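Given next are the chains, with one letter for each unit.
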Amino acid sequence: MKSSCSTRFAFLVLFVAQCVCVYAGSFHKDVNIHWGNGRGKIHDNEGKLLSLSLDKTSGSGFQSNQEFLYGKAEVQMKLVPGNSAGTVTTFYLKSHGSTWDEVDFEFLGNISGHPYTLHTNVYTKGLGDKEQQFHLWFDPTVDFHTYCITWNPQRIIFTVDGIPIREFKNSESIGVHFPKSQPMRVYASLWEAEHWATRGGLEKTDWSKAPFTAYYRNYNVEGCVLANGKSSCPRNSHWFTKKLGKGGMNKVKWAQRKYMVYNYCTDKKRFPHGVPAVCT
């Protein structure tokens, strides 16, 4: 599918190329299960359902076949049920190199009867430290729920079932780095991190419950595909200019007031000399 690639953003003028907006719908054609030695599986001919598994030997993961400079990445996920302590299930964007950019959804498992922690973070030039964490208002292991990252030149929006829970704005005007020049792939993985994932590593993985399995379905990406080292972004796609109005910001405030369990912006012990200048 082709669309106009003209743009009013000066920093993209260098990237003069045909832009392709992808409306992905098949794990068969859109992703590569790049690690796990058979622990990642596509379950249907249409490529709508994929599972990742973790055992004591290895986890598993997939990556998008294409790189994007801005886009909207969305998937439905059903997480590992029962005692998932020490496991981390992810859906995220990441660029290459030692000064990479990254935008994270990470789901930190827990012992039975205790909630998952949804961990969000933004890395720019290899530096993160912008964590916000939530306990969700539903059990993410019972059914599929939709998780979406919208990344455009002005902001990054994290949404859960269509509800925005976080907005990270472009604040370069006051010296805060923002991901804008490094194309990123879409990644997902299921791996073990018992040394930190659950209660700071106090709860260890119960390997007698392995293999642990998470499910992904209805993977969908609309974005500006990197081709031959060049890319540019269309102005006429809704996600490219998306911002949160009053209603959207009220939903963010609702989610953060009721369900946020950690915010780097208020962690004075971690930042004794003052929290970062911009906290979003």
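Residues numbered from 1 in each chain as written. Predicted model: local features only at pLDDT ≥ 70, side-chain atom pairs only at ≥ 80, totals over all residues. Heavy atoms only, no water.

Observations regarding the overall build of the protein
What the protein contains, in helices and strands, is two helices and 15 strands. Counting the 280 residues in the protein, one finds 53% classified as buried. Here the contacts in the protein between residues at least 6 apart in sequence split such that 67% fall between residues at least 24 apart. Only carbon and sulfur atoms are counted for the fraction: they give 50% of the accessible area of the protein, which is about 13,000 Å². (Helix = DSSP H or I, 4+ residues; strand = E, 2+ residues; numbered from the N terminus. Buried < 20%, exposed > 50% of the residue type's maximum accessible area, 1.4 Å probe, protein only. Contact = heavy atoms within 4.5 Å. Areas by Shrake-Rupley, 256 points an atom, 1.4 Å probe, with all protein chains shown as cover.)

What about the UniProt feature "active site" (unreviewed entry) in the protein?
Using the residue numbers shown here, the UniProt feature "active site" (unreviewed entry) corresponds to Glu 102 and Glu 106. Mapped onto the fold, Glu 102 is located in strand β7 (residues 102–108). A relative accessible area of 9% means that Glu 102 is categorised as buried. The contacts of Glu 102, once residues within four sequence positions are left out, are Tyr 92, Leu 93, Lys 94, Asn 121, Val 122, Tyr 123 and Met 184. Structurally, Glu 106 can be placed in strand β7. Non-local contacts of Glu 106, meaning those with residues more than four positions away in its chain, are made with Val 88, Thr 89, Thr 90, Thr 117, Leu 118, His 119, Trp 191 and Trp 196. (UniProt positions renumbered as here; feature names shortened; annotations may be inferred.)

A word on unusual backbone geometry
Geometrically, the link from Ala 210 to Pro 211 is a cis peptide bond, its omega value of 0° lying close to zero. Assignment of secondary structure puts Pro 211 in the loop between β13 (185–192) and β14 (212–225). The phi dihedral of Arg 199 is positive, around 50°, even though this residue is not glycine. Residue placement: Arg 199 occurs in the loop between β13 and β14.

Re the pattern of salt bridges
With the rule as written, the count across this model stands at seven salt bridges. Close ionic contact of Arg 39 with Asp 55 constitutes a salt bridge, the shortest N to O distance being 2.9 Å. In this pair, Arg 39 is assigned in the loop between β1 (31–35) and β2 (40–42) and Asp 55 in the loop between β3 (49–54) and β4 (60–64), connecting sequence segments 16 residues apart. On the accessibility criterion, Arg 39 (17% relative accessible area) is buried. Across the salt bridge formed by Arg 155 and Glu 167, the nearest N and O atoms sit 2.7 Å from each other. Taken together, the residues Arg 155 in strand β11 (residues 155–160) and Glu 167 in strand β12 (residues 163–169) connect sequence positions 12 residues apart. In this structure, Arg 155 and Glu 167 share a single accessibility class: buried. Three or more residues joined by partner-sharing salt bridges are found here, namely Asp 129, Glu 131 and Arg 270. (Salt bridge = Lys/Arg side-chain N within 4 Å of Asp/Glu carboxyl O.)

Topic: the nonpolar core
The biggest cluster of nonpolar side chains holds 52 residues, and the ones touching the most others in it are Phe 62, Phe 91, Phe 105, Phe 107, Ile 156, Tyr 216 and Tyr 219. Broken down by element, this core gets its largest block of residues, seven residues, from β14. (Core = buried A, V, L, I, M, F, W, Y, C linked by side-chain atoms within 4.5 Å.)

Structural notes on the UniProt feature "glycosylation site" (unreviewed entry) in the protein
Feature annotation in UniProt assigns "glycosylation site" (unreviewed entry) to the following positions: Asn 110. With respect to the secondary-structure elements, Asn 110 resides in the loop between β7 and β8 (117–123). Look past the residues within four positions of Asn 110 in its chain and what remains in contact with it is Gly 82, Asn 83, Ser 84, Ala 85, Pro 115 and Thr 198.

Things to note about the confidence of the model for the protein
As a note on interpretation, predicted positions should not be read in detail where pLDDT is low. Averaged over every residue, the pLDDT of the protein is 89; residues scoring 70 or more account for 90%. Considering only residues more than four positions removed or in separate chains, one finds that residues 1–24, a stretch of pLDDT under 50, has 63 contacts. (pLDDT = per-residue confidence, 0-100.)

Comments concerning the sheet that holds β8
Paired through backbone hydrogen bonds, the strands of a sheet run either parallel or antiparallel to each other. In spatial order, the strands read β1-β4-β13-β6-β7-β8-β9-β15; together these eight strands make up an open sheet with antiparallel pairing. The sheet is open, and its two edges are formed by β1 and β15 (260–263), each paired on a single side. Direction aside, neighbouring strands of the sheet carry axes that sit 15° apart on average. (Pairing = 2+ DSSP bridges. Axes fitted to C-alpha atoms, helices over the stretch in contact; angles between N-to-C directions.)

A few points about the side chain of Asp 267
Relative to the elements of secondary structure, Asp 267 occurs in the segment after β15. There is no salt bridge for the buried Asp 267, and the closest opposite charge comes from Arg 270, which lies 4.9 Å off by N-O distance. A polar contact is formed between the side chain of Asp 267 and the backbone nitrogen of Arg 270, at a distance of 3.0 Å. Not counting the four nearest positions on each side in its chain, Asp 267 is found in contact with Tyr 262 and Val 275. (Lys, Arg positive; Asp, Glu negative; His and termini not counted. Polar contact = N/O pair within 3.5 Å; in protein donor to acceptor, adjacent residues only side chain to side chain.)

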